[in-house]
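# Close look at the chain arrangement
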Amino acid sequence: MRYGISSKALGLLIVLGLGALPGQPSVAQEPLNINAYQLTFEESFDSLDVSAWGEKSSRWIAHTPWNGDFGDARFTDPAPGFPFTTDQGILKIEARKEADGTWRSGLLSSVNPKGEGFSQQFGYFEARMKLPPGKGVWPAFWLIGLDRSKYTAEIDVLEYYGRAPYEFSMGFHIWRQSQGGQNTTGGHWQTVQDGILNSEYHTYGVDIQADKTSFYFDRQFIWSFDTPKEFHMPFYPLVNLALGSGWPIDETPNPSILLVDYIHVYQRKPTDAAN
């Protein structure tokens, strides 16, 4: 998807489970107990501290730290009114087709190209968002491992394809191919009531622990897998509104808007404190 594999092919890998670490299907499990966690990163978007590449020591940058754009919209440096605006604690990321036919949109990363910014080893990462409707939209909330020297570790907490408003995907990747190894990938598709992701805010979260990584939708357990050793490192959050993912964008609404209420990160409290 973002590291040398098309999204259509990746979707097939996820559906078929090819190259994946063993994942656990949805089973009865308690909802997430947020009281067992303490808040370590709070972004409520009352305002937005962002610069293109962190030149202002900003909390967010507007590109992937490795300068790897993807999809059919160009991620754009922040400017007054576009592609990011905030209003009453809601971040709006806008994708817009310009007069020359070029689509532009926005991405936020909490780490800059020097590796500076917020990242955390283990813990619960969560975003509350309302997703844009329409074919061709491709919003995502995802995490990248801080050390990319030997491989790239990626966790996709949410990926949504507007052509299918009744489902979203979650997954993980260990991208080794650029260093001569074999990639590992796996994931899960979650079916929901048609249209609720566009009409309501929902939370999308992942709890990374040393032994197990578990995904949650509205803090209800969805899916998990055994945490690989490659995920024993700090991860940092990214959120974006991309377009395409291998699907046509000729019917994509112009503009399209992703609404983000917050991005929060938590660390598990010591057992005695949690009790």
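Residues numbered from 1 in each chain as written. Predicted model: local features only at pLDDT ≥ 70, side-chain atom pairs only at ≥ 80, totals over all residues. Heavy atoms only, no water.

## Describing the nonpolar core
Counting residues in each nonpolar core, the largest one holds 53 residues, and the members touching the most others are M129 and F141. When sequence neighbours within four positions are dropped, the list of residues in contact with F141 reads F125, E126, A127, M129, D156, V157, L158, Y204, P237, L238, V239 and I263. Counting twelve residues, the second-largest nonpolar core is a separate cluster that includes V111, W138, I144 and Y161. (Core = buried A, V, L, I, M, F, W, Y, C linked by side-chain atoms within 4.5 Å. Buried < 20%, exposed > 50% of the residue type's maximum accessible area, 1.4 Å probe, protein only. Contact = heavy atoms within 4.5 Å.)

## Observations concerning the confidence of the model for the protein
Across the protein, pLDDT averages 90, with 88% of residues at or above 70. For residues 3–22, every residue scores under 50 in pLDDT, and the model assigns this stretch 40 contacts once sequence neighbours within four places are set aside. (pLDDT = per-residue confidence, 0-100.)

## A closer look at the packing of aromatic side chains
Enumeration according to the criterion identifies 24 aromatic pairs in this entry. Considering the side-chain rings of F70 and W138, the 5.5 Å spacing of their centres and the 70° angle between planes classify their relative orientation as edge-to-face. One end of the pair, F70, is in the loop between β4 (60–61) and β5 (74–75); the other, W138, is in strand β12 (residues 137–145), and 68 residues separate them in sequence. With a relative accessible area of 2%, W138 lands in the buried category. Clustering of aromatic rings is evident, with ring pairs tying together W66, F70, F75, W138, W142, Y161 and W189. A cation sits over an aromatic face here: R96 above F82, 3.9 Å from the ring centre. Its end group placed over the ring of W247, R163 keeps NZ or CZ at 4.1 Å from the ring centre. (Phe/Tyr/Trp six-rings, centres within 6.5 Å; stacked < 30°, edge-to-face > 60°. Helix = DSSP H or I, 4+ residues; strand = E, 2+ residues; numbered from the N terminus. Lys NZ or Arg CZ within 6 Å of the ring centre and 35° of its normal.)

## Quick look at the pairing of strand β17 (residues 212–217)
With five of its six residues buried, β17 lies for the most part within the structure. Inspection of the sheet shows strand β16 (residues 202–208) paired to β17 by five bridges, in the antiparallel sense. Looking at β17, one finds that V206 is bridged to F215. Counting the residues between successive antiparallel strands, the hairpin from β16 to β17 contains three residues. Counting the residues that bridge the hairpin from β17 to strand β18 (residues 220–226) gives two residues, and of these D218 lies at a positive phi of roughly 50°. (Pairing = 2+ DSSP bridges.)

## Some words on the pattern of salt bridges
Evaluated as defined, the whole model comprises ten salt bridges. The closest approach of N and O atoms between E98 and R96, which form a salt bridge, is 3.7 Å. As a salt-bridge pair, R268 and D207 come within 3.0 Å of each other at their nearest N and O atoms. Of the two residues, R268 is situated in strand β20 (residues 256–268) and D207 in strand β16; the sequence distance between them amounts to 61 residues. Relative accessible area serves as the criterion here: at 43%, R268 is assigned to the partly exposed category. Connected via shared salt-bridge partners are E94, R96 and E98. (Salt bridge = Lys/Arg side-chain N within 4 Å of Asp/Glu carboxyl O.)

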